[in-house]
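Structural characterization, general
Here's the letter readout for the chains.
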Amino acid sequence: SILPTVDLNGRPSQESSLLFAVLCAVYVLFYNFAYDINNAFQGVYQIRRSSTATNLLQTKFVIANHPLVGGEVDFDEVSEDSSTGDVLVRSPGLGD
């Protein structure tokens, strides 16, 4: 059987109206999803540190500002010996 698209007065049937509404909703949802995927980094977003990185930074801050070990611990970048390729690690206070 074929569903009538309009009744005798020229109005669309309930089934046709419902089908049109569903198709419009699917189209709008698909459009918004595709737009969001294509513009993933538009707008306001924030990248947060992980809890591990935050704990390590907090530990570094506490050690660096501690009154007893503040000058003894060094957080400078480790240098590399260019002639041998060995990594040189300096420990302040131990055989300076």
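Counting from 1, residues in each chain are numbered in the order their sequence is written. Given that the model is predicted, a residue must reach a pLDDT of at least 70 before its local features are reported, and side-chain atom pairs must reach 80 or more before they are shown or counted; all residues, however, enter totals for whole chains, interfaces and linings. Remark: hydrogens and water are excluded; side-chain values derive from all non-hydrogen atoms of the structure.

1. Some points on the overall build of the protein chain
Helix and strand definitions here come from DSSP, where helices need a minimum of 4 consecutive H or I residues and strands a minimum of 2 consecutive E residues; each element is numbered from the N-terminal end. On a plain count of helices and strands, the protein chain comes out with 2 helices and 2 strands. Tracing the protein chain from N to C terminus, the helices and strands come up as α-α-β-β. Think of it in three bands: with a 1.4 Å probe and only protein chains considered, a residue is buried below 20% of the maximum accessible area for its type, exposed above 50%, and partly exposed in between. Here the protein chain holds 96 residues, and 2% of them are scored as buried. Surface accessibility in these figures is a Shrake-Rupley result with a 1.4 Å probe; residues are shielded only by whichever protein chains are displayed. Within the structure as shown, the protein chain displays about 9,300 Å² of accessible surface, and the carbon and sulfur contribution to it stands at 60%.

2. Focus on the confidence of the model for the protein chain
pLDDT measures how confident the predictor is about each residue, on a scale from 0 to 100. The share of residues in the protein chain with pLDDT of 70 or more is 68%, and the mean pLDDT across the chain is 77. Mean pLDDT across the elements of the protein chain bottoms out in strand 1 (residues 79-80) (61) and peaks in helix 1 (residues 14-38) (93).

3. Description of the environment of Thr 59
By secondary structure assignment, the location of Thr 59 is in helix 2 (residues 51-64). Counting of polar contacts relies on pairs of N or O atoms within 3.5 Å, with two restrictions inside protein: one atom must be capable of donating a hydrogen and the other of accepting it, and residues adjacent in sequence are counted only when both atoms are side-chain atoms. There is a polar contact of 2.8 Å between the side chain of Thr 59 and the backbone oxygen of Asn 55.

4. Points about the packing of aromatic side chains
Given two aromatic rings, one states the distance between the centres and the angle between the planes to describe the pair. Two rings from Phe, Tyr or Trp (for Trp, the six-membered ring) form a pair when their centres sit within 6.5 Å of each other. Planes less than 30 degrees apart are called stacked, planes more than 60 degrees apart edge-to-face, and all others tilted. The full count for this structure, using the stated rule, is 1 aromatic pair. Their ring planes at 20° and their centres at 6.3 Å tell us that Tyr 31 and Tyr 35 sit as a pair that is stacked. Here Tyr 35 and Tyr 31 lie together in helix 1, a separation of 4 residues that amounts to about one turn.

5. Some remarks on a nonpolar patch on the surface
Like-charged residues within 9 Å of one another, or nonpolar side chains (Val, Leu, Ile, Met, Phe, Trp, Tyr) within 5 Å, are grouped into patches, provided each residue has over 30% relative accessible area and no salt bridge. When a carboxyl oxygen of Asp or Glu is within 4 Å of a side-chain nitrogen of Lys or Arg, the pair counts as a salt bridge. A cluster of nonpolar residues, Tyr 27, Val 28, Tyr 31 and Tyr 35, forms a patch on the protein surface that exposes about 480 Å² of accessible area. On the secondary structure map, Val 28 appears in helix 1. You can call Val 28 partly exposed: its relative accessible area is 45%.

6. With respect to the pattern of salt bridges
Summed over the entire model, instances satisfying the criterion amount to 1 salt bridge. A salt bridge links Asp 7 to Arg 11, with the nearest nitrogen and oxygen atoms 3.7 Å apart. Judged by its relative accessible area of 34%, Asp 7 is partly exposed.

7. As for the environment of Ile 63
When you line up the elements, Ile 63 lands in helix 2. In the structure, Ile 63 is positioned 10 residues away from Val 73 in sequence and 7.5 Å away in space, judged by C-alpha atoms.

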